[in-house]
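In case you want the letters, here they are:
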Amino acid sequence: MSPTTLPFEAALRHALSSAEWAALRHSSETTTQRCVRNDRPERNQSNLEEGAMCEVLVDGHFGYAATADLSLAGLQRAFDRALATTRATSAHKVHRFTTSQRPHASGSYHSPRQTALDNTSVAEITDCLLAASQAMKQSDLLVNRSASAMLVQTDIDYLSSSGSNTHQRFDLVDITLSATAAEGLESQTRTWSHTGQFGGEVFDRDTLVRQAQQVAQDALALLHADNCPSGRMDLILMPDQMMLQIHESIGHPLELDRILGDERNYAGWSFVKPQDFGQLQYGSALMNVSFDPTKAHEFASYDFDDGGHRATKELLIEHGVLKRGLGSLESQARSGLPGVANFRSASWNRAPIDRMANINLEPGNATLDELIAQVEQGVLMSTNRSWSIDDYRNKFQFGCEHGQLIENGKLGKLVRNPNYRGVTVDFWSRLAAVGRDDTVHGTAFCGKGEPSQVIRVGHASPPCLFRDVEVFGGQA
């Protein structure tokens, strides 16, 4: 036992004087943000958040209290608050839980990386971002050029009265390049991002300069491109747009707490019903979707969720059939449905809830050229620009930054303002081919819960071909 865990162990013993079970999750997170805009450093800030969430089980009811006072006295006061509120509310619980929803856990996890973020200097990061901003300076029509980086280092210790003891260390990087070209009343923005669990090795000056040059060229080209045509046609979505398609039309509707109604006041319900599991043909037979917190370098990889449940790869949808939901052991007990290790908290002062982690579309066997060759008339779209989806995660409308027409199996001219719409099950039933080369993407800003929690999720996907989709462009 390290000296830093001594007050944690003592606080747990204090809680057990009144609780059936107790746990403590200590989190320390450092976030560093750097931004360069139009060749000038704009943001240079770091912040540290540290605290502990104290959890108890009283009369079959779990309850929580958080504190930033990590002294023994502070932790004991937090456990006392958790005990008092849990005891007061246990008569109104929706389900009687047991310690089986908090399994014994022991082990450690560390994000894979070549160079520790601690060993990556601010000067090195700023130099890369400045070089990227300068590389985008290709025309006076480029009115905004930005390069930003967010570095997050998180340490989480989890201890419980049943002997759980885990430590997980996450090194996360989110790099974004953006160029906006404008002329008259028209403007077009092109972005590129690199997001995941990495170290300082991602700050490669030559790579960022090369990507920045392409971003700027694309923004200028889009400024003078024709608007995307409207009509029903085939659609190829690139991995950076598949990320949002998976997130909104698979990830959120499969959250078991949403299906149970817990989210209806804030983020809506789901078109998926409990009886759909094992029955619903969610998409074509080419659709295989996994929950996989074990995938290296993806944004939401981990060994244990925040309830001590060991994470394993599980198929949510197999050959188009819905098999498993995104539900923690609590939601599994309430619903009687199979779930996964996705009991996740966004911070030390938030209780865990059902969240996405890495939700991935499994690769197929086609190259991108082979996908394109199958299309007589269609459009290839990449990089999300706008999104809209109803409260049941059913009807949606998404817009992309970049479009390119496909005619007779060959890529044609560039088009701007490409959009598409659909209904979830019908859309996924139109999946006609899946690429073989998947790419890891992610977002740090998935919101859910009351009080609100903004959490990191990952999505890996190859490019995909969908048949006969409703496509439309912007205003001429």
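The structure we're discussing is the one just above.
**Q** Please explain helix α5 (residues 239–251) as it appears in this structure.
**A** It helps to recall that an α-helix has 3.6 residues per turn; residues three or four apart then point in one direction. Relative to the 18 Å expected for 13 residues at 1.5 Å per residue, α5 spans just 16 Å between its end C-alpha atoms, considerably shorter than the ideal helical length. With 12 of 13 residues buried, α5 lies mostly within the body of the structure.

**Q** Quick question: what am I supposed to make of the packing of aromatic side chains here?
**A** One pass over the full model with this rule turns up 12 aromatic pairs. Taking 5.8 Å as the distance between ring centres and 45 degrees as the angle between the ring planes, the aromatic pair formed by Phe271 and Tyr282 counts as tilted. Linking Phe271 in the loop between α6 (256–259) and β10 (289–291) with Tyr282 in the loop between α6 and β10, this pair joins segments that are 11 residues apart in sequence. Tyr282 matches Phe271 in its accessibility class, with the two residues each being buried. Judged by centre distance (5.3 Å) and plane angle (90 degrees), the ring pair of Phe396 and Phe427 falls under edge-to-face. Of this pair, Phe396 sits in strand β17 (residues 395–407) while Phe427 is found in helix α9 (residues 424–429), placing the two residues 31 residues apart along the sequence. Across this residue pair, the class does not change: Phe396 and Phe427 are buried. Of the aromatic side chains, those joined through ring pairs into one cluster are Phe396, Phe398, Tyr420, Phe427, Trp428 and Phe466. Of note, Arg102 hangs over the ring of Phe62, and the distance from its end group to the ring centre comes to 3.9 Å. We note Arg421 situated over the ring of Phe472; from NZ or CZ to the ring centre the distance is 4.0 Å.

**Q** Can you help me understand the pattern of salt bridges in this one?
**A** Close approach of charged atoms allows side chains with opposite charge to pair. The tally for this structure, following the rule as stated, stands at 32 salt bridges. A salt bridge links Arg190 to Glu401, with the nearest nitrogen and oxygen atoms 3.0 Å apart. One end of the pair, Arg190, is in strand β7 (residues 186–196); the other, Glu401, is in strand β17, and 211 residues separate them in sequence. Accessibility expressed as a relative area gives 9% for Arg190, which makes it buried. We classify Glu401 as buried; its relative accessible area is 5%. Residue Arg467 is joined to Asp234 by a salt bridge in which the shortest nitrogen-to-oxygen separation is 2.6 Å. Here Arg467 is found in strand β23 (residues 464–472), whereas its partner Asp234 is found in strand β9 (residues 231–237), with 233 residues between them in sequence. On the basis of relative accessible area, Arg467 is assigned to the partly exposed category, the value being 28%. What emerges from the salt-bridge pattern is a single network uniting Arg113, Asp118, Asp155, Arg169 and Asp171.

**Q** Is there a simple way to explain the pairing of β7 in this structure?
**A** Within a regular strand, the side chains alternate between the two sheet faces. In terms of strand pairing, strand β6 (residues 165–183) meets β7 through 11 bridges, oriented antiparallel. Among the inter-strand pairings, Val173 is bridged to a residue of β7, identified as Gly196. In this structure, the hairpin formed by β6 and β7 is closed by a connection of 2 residues, where Gly184 is found at a positive phi of approximately 60 degrees.

**Q** Just to check I follow, could you spell out the nonpolar core for this structure?
**A** A general tendency of soluble globular proteins is for nonpolar side chains to be buried together. Residues Ile250, Tyr282, Tyr420 and Trp428 are the most contacted members of the largest nonpolar core, which totals 61 residues. Counting residues in hydrophobic clusters, the runner-up holds 30 residues, among them Leu129, Phe203, Leu208 and Leu223.

**Q** Would you mind showing me how to read helix α4 (residues 205–223) here?
**A** Spanning 19 residues, α4 covers 27 Å between terminal C-alpha atoms, matching the ideal 27 Å at 1.5 Å per step. Buried residues of α4: Leu208, Val209, Ala212, Val215, Ala216, Asp218, Ala219, Leu220, Leu222 and Leu223, and no others. Elements in contact with the buried residues of α4: α3 (122–135), β5 (142–160), β6, β7, β17 and β18 (410–416).

**Q** What is the right way to read the sheet that holds strand β11 (residues 314–318) from this model?
**A** Adjacent strands of a sheet pair through backbone hydrogen bonds, lying either parallel or antiparallel. What the 4 strands build is an open sheet, ordered β12-β11-β10-β15; its pairing is antiparallel. Edge positions in the sheet fall to β12 (321–322) and β15 (359–361), since each has one partner strand and no second. Along the sheet, α5 makes contact with β10, β11 and β15, crossing β15 at roughly 120 degrees.

**Q** Can you help me understand unusual backbone geometry in this one?
**A** Glycine aside, the phi torsion of most residues is negative, and most peptide linkages are trans. Of note, the bond from Glu450 into Pro451 is cis; its omega dihedral lies within 30 degrees of zero at 0 degrees. Here Pro451 lies in the loop between β21 (439–448) and β22 (453–461). Despite not being glycine, Thr383 shows a phi value in the positive range, around 65 degrees. Here Thr383 lies in strand β16 (residues 377–389).

**Q** Sorry if this is basic, but what is going on with the state of the cysteines here?
**A** Evaluation of the coordinates by the stated rule reveals 0 disulfides. The thiol of Cys446 is unpaired, and the distance to the nearest cysteine sulfur, on Cys400, comes to 19 Å. Classification of Cys446 by relative accessible area gives buried; the value is 3%. Free cysteine Cys464: the closest other cysteine sulfur is in Cys400, separated by 13 Å. Judged by relative accessible area, Cys464 falls into the buried class, the value being 0%.

**Q** Looking at this structure, how should I read the packing of helix α1 (residues 6–15) against helix α2 (residues 72–89)?
**A** The description of two packed helices rests on the angle between their axes and on the distance between the axes. As a packed pair, α1 and α2 sit with axes 9 Å apart at the nearest point and diverge in direction by 30 degrees. Between α1 and α2 the crossing geometry is right-handed. Listed contacts from α2 to Pro7, Phe8, Ala10, Ala11, Leu12, His14 and Ala15 of α1 are Leu72, Leu75, Gln76, Phe79, Asp80 and Leu83. Here the contact of α1 with α2 is composed, by residue class, of 10 nonpolar, 2 polar and 1 charged.

**Q** What is the right way to read the pairing of β21 from this model?
**A** With 8 bridges connecting them, β21 and β22 associate as antiparallel partners. By the bridge assignment, Gly447 is partnered in β22 with Val454. Hairpin geometry of β21 and β22 is characterised by an intervening segment of 4 residues between the two adjacent antiparallel strands and by a positive phi of about 95 degrees at Gly449.

**Q** Is there a simple way to explain the packing of α3 against α4 in this structure?
**A** Running from N to C, α3 and α4 point in directions that differ by 25 degrees, and their axes come no closer than 8 Å. With respect to each other, α3 and α4 are oriented roughly parallel. For α3 against α4, the interelement crossing comes out right-handed. The residues of α4 that touch α3, namely those facing Asp127, Cys128, Ala131, Ala132 and Ala135, are Arg205, Leu208, Val209, Ala212 and Gln213. Considered class by class, the residues forming the contact of α3 with α4 number 7 nonpolar, 1 polar and 2 charged.

Definitions and cut-offs
- Residue positions are given per chain, counting from 1 as you read along its sequence in written order.
- Residue-level local features of this predicted model are given only where pLDDT is at least 70; pairs of side-chain atoms are given and counted only at 80 or more, and the full residue set underlies all totals for whole chains, interfaces and linings.
- Each side-chain value is derived from all of the structure's non-hydrogen atoms; neither hydrogens nor water enter the calculation.
- Strands are runs of DSSP state E lasting at least 2 residues, helices are runs of H or I lasting at least 4, and numbering of each runs from the N terminus.
- A helix's residues, less one, multiplied by 1.5 Å, set its expected span.
- A 1.4 Å probe rolled over the protein chains alone gives each residue an accessible area, and that area as a share of the maximum for its type sets the label: buried under 20%, exposed over 50%, partly exposed in between.
- Only the six-membered ring of Trp is used, alongside the rings of Phe and Tyr, when aromatic pairs are assigned; centres must lie within 6.5 Å, and planes under 30 degrees apart are stacked while those over 60 apart are edge-to-face, with the rest tilted.
- By definition here, charges over rings are those cases where NZ of Lys or CZ of Arg is within 6 Å of the ring centre and within 35 degrees of the ring normal.
- The rule for a salt bridge is simple: a side-chain nitrogen of Lys or Arg has to be within 4 Å of a carboxyl oxygen of Asp or Glu.
- The pairing criterion for strands is at least two bridges between them, as found by DSSP.
- To form a nonpolar core, buried Ala, Val, Leu, Ile, Met, Phe, Trp, Tyr and Cys residues must be joined to one another through side-chain atoms within 4.5 Å.
- Contacts are residue-level and defined by heavy atoms, with any inter-residue pair within 4.5 Å sufficient.
- Orientation is described by axes fitted as lines to C-alpha atoms, over the contacting stretch for helices, and by angles from 0 to 180 degrees between their N-to-C directions.
- Any pair of cysteine sulfurs within 2.5 Å is marked as a disulfide.
- By definition, any crossing whose near helix is turned counterclockwise from its far helix by less than a right angle is left-handed, and any crossing with a clockwise turn is right-handed.
- Note that Gly is not counted as nonpolar here; it falls among the polar residues with everything else outside the nonpolar set of Ala, Val, Leu, Ile, Met, Phe, Trp, Tyr, Cys and Pro and the charged set of Asp, Glu, Lys and Arg.
- Here the angle decides the label: under 35 degrees means roughly parallel, over 145 means roughly antiparallel, 65 to 115 means roughly perpendicular, and every other value means oblique.

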